[in-house]
Amino acid sequence: MSKGKILGHISVRCPFEIATSATMTLNALDDRKSQALARILEKSSRIPNPRPDSSENDLKEPIWNEVFFNLQLSSFFQALSQEKKKAVLLRCSKGLLYESQMIELAGTTFAAKMALLSETLAERELYSLFAADEARHLRMISSIRGAPNSDPARENPFLQYLGNLILSEKKAPLVLLIQVVLEGWGISHYTRLAELSMNPSVSQVFQEILKDEAKHHGSGLVLFSEEQISESDRERLIEQLSHFLTMVRTGPFSVVQVLASETGGMSAEQVRLFLKETEFQKKLENDLELLHHLLLKSGAGRIVSGLHRSKLFELPSLDECSAQISAGLGICA
Ligand SMILES: [Fe+2]
Ligand SMILES: [Fe+2]
């Protein structure tokens, strides 16, 4: 039995797959039903179905240039041939597009769960509308890179984290984690993706998505109330946010991973120099400030105090960041 059929019958292997797997969709139906359903989806969403044979391999040119990744500042990148530079940028662009697609897919699961857990009609209406937004976002990105495939997501720590959060957390903690923090953070990430894309259709897609994400984040700020969070939920929230902040400290991990793989490897010293030249500390400082601001804006003061106790808003040294990224890539100092 194919993986699609297994997932189609909800015999999933791990919770992460329910949140982020798309192979459960059409694969489990016979061809005639799949095609009829695809036509209905196309008509309802007014977004064309991805061509069955389309995939990210159709992307031949990078969508984001070296400035997006700060690679114009890296002597390691600048020393590469034009051909290698293009290969790095193309892989990094595909990686960003893939991650966005899986985030939108996870968004459909999040909104559906929240609609079921809603305690008022207004909340149910809100999350049902959000589910439709997320399904449209997913289709918009799929129209660029083809239908999603969940396999590479298992190797992506952020997607693993997101999928597990959505499936394991209760409603009130999810409002803070997903709508306030991750969608708030997503607004600044998607703004850069839209502004710095070299492909006008991609810019348009992300600009369109951004309008909805602003609503999703804004409603999270309205709905979250720290008073409704129990002592044990607060402790767990602090743990979940600590995990996220630890990942934020490894910022350009996937870019370094692509660079190392395209060039036959990087030494720990080269990783350190890369972070220094591309001014990672400056970016990290801004990111930590943004996350701190988002949490305070939602009124999560006691949770912020808990995070301060573990010093996770303090800027780590270049050596610490570099050691963490190198360790993740299996590079010995
Ligand atoms: Fe979305
Ligand atoms: Fe959203």
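Residues numbered from 1 in each chain as written. Chains lettered and ligands numbered in written order. Predicted model: local features only at pLDDT ≥ 70, side-chain atom pairs only at ≥ 80, totals over all residues.

Trainee: Honestly, the environment of Glu 134 in this entry has me stumped. Any pointers?
Mentor: Among the secondary structure elements, Glu 134 is positioned in helix α6 (residues 121-145). The exposure class of Glu 134 is buried, given the 24 C-beta atoms found within 10 Å. In the structure, Glu 134 is positioned 75 residues away from Ile 209 in sequence and 8.6 Å away in space, judged by C-alpha atoms. Glu 134 has contacts with Glu 104, Gly 107, Thr 108 and Ala 111, leaving out every residue within four places of it along the chain. (Helix = DSSP H or I, 4+ residues; strand = E, 2+ residues; numbered from the N terminus. Buried ≥ 20, exposed ≤ 12 C-beta atoms within 10 Å, placed from the backbone. Contact = placed C-beta atoms within 7 Å.)

Trainee: How should the packing of α6 against helix α9 (residues 200-223) be read in this particular structure?
Mentor: Where α6 contacts α9, the two axes come as close as 10 Å, and the packing angle between them is 160 degrees. As the angle between them shows, α6 and α9 are arranged roughly antiparallel. α6 and α9 meet at a crossing whose hand is left-handed. For the pair α6 and α9, the contacting residues are Leu 126, Phe 130, Asp 133, His 137, Met 140, Ile 141 and Ile 144 in the first and Ser 201, Val 202, Val 205, Glu 208, Ile 209, Asp 212, His 216 and Ser 219 in the second. Class assignment for the residues of the contact of α6 with α9 results in eight nonpolar, four polar and three charged. (Axes fitted to C-alpha atoms, helices over the stretch in contact; angles between N-to-C directions. Parallel < 35°, antiparallel > 145°, perpendicular 65-115°, else oblique. Left-handed = near helix turned anticlockwise from the far one by under 90°. Nonpolar A, V, L, I, M, F, W, Y, C, P; charged D, E, K, R; others polar.)

Trainee: Teacher, can you tell me more about unusual backbone geometry here?
Mentor: Trans peptide bonds make up most of the peptide bonds, and negative phi angles are found at most residues other than glycine. In the Ramachandran plot, Asn 70 falls in the positive-phi region, its phi being about 65 degrees despite a non-glycine side chain. Inspection of the secondary structure assignment puts Asn 70 in the loop between α3 (31-45) and α4 (75-78). The residue Glu 279 is not glycine, and still its phi comes out positive at about 55 degrees. Here Glu 279 shows up in the loop between α12 (268-277) and α13 (280-297).

Trainee: Could you clarify how one ought to interpret helix α10 (residues 231-248) in this entry?
Mentor: Given 3.6 residues per helical turn, the α-helix brings residues three or four places apart onto the same face. Under the 1.5 Å per step criterion, the end-to-end length of α10 is 26 Å for 18 residues, consistent within 8% with the ideal 26 Å. Looking at the packing, one finds that the buried side of α10 touches α8 (171-196) and α14 (301-309). (Expected span 1.5 Å × (residues − 1).)

Trainee: For this particular structure, what's the right way to read the nonpolar core?
Mentor: If you look at soluble globular proteins, the nonpolar side chains tend to sit buried side by side. Residues Cys 92, Ala 106, Leu 176, Leu 177, Val 181, Val 256 and Leu 259 are the most contacted members of the largest nonpolar core, which totals 66 residues. Considering every element that reaches this core, the biggest residue donor is helix α5 (residues 82-117), with 12 residues. (Core = buried A, V, L, I, M, F, W, Y, C linked by C-beta atoms within 7 Å.)

Trainee: Whenever I open this one, the confidence of the model for the protein chain confuses me. Can you help?
Mentor: Atomic detail in the predicted coordinates should be set aside for any region of low pLDDT. Of the residues in the protein chain, 89% have a pLDDT of 70 or more, and the chain-wide mean is 89. Ranking the elements of the protein chain by mean pLDDT puts helix α1 (residues 3-8) last with 34 and α4 first with 98. Predicted confidence for residues 1-15 stays below pLDDT 50, and this span has 24 contacts to residues more than four positions away or in other chains. (pLDDT = per-residue confidence, 0-100.)

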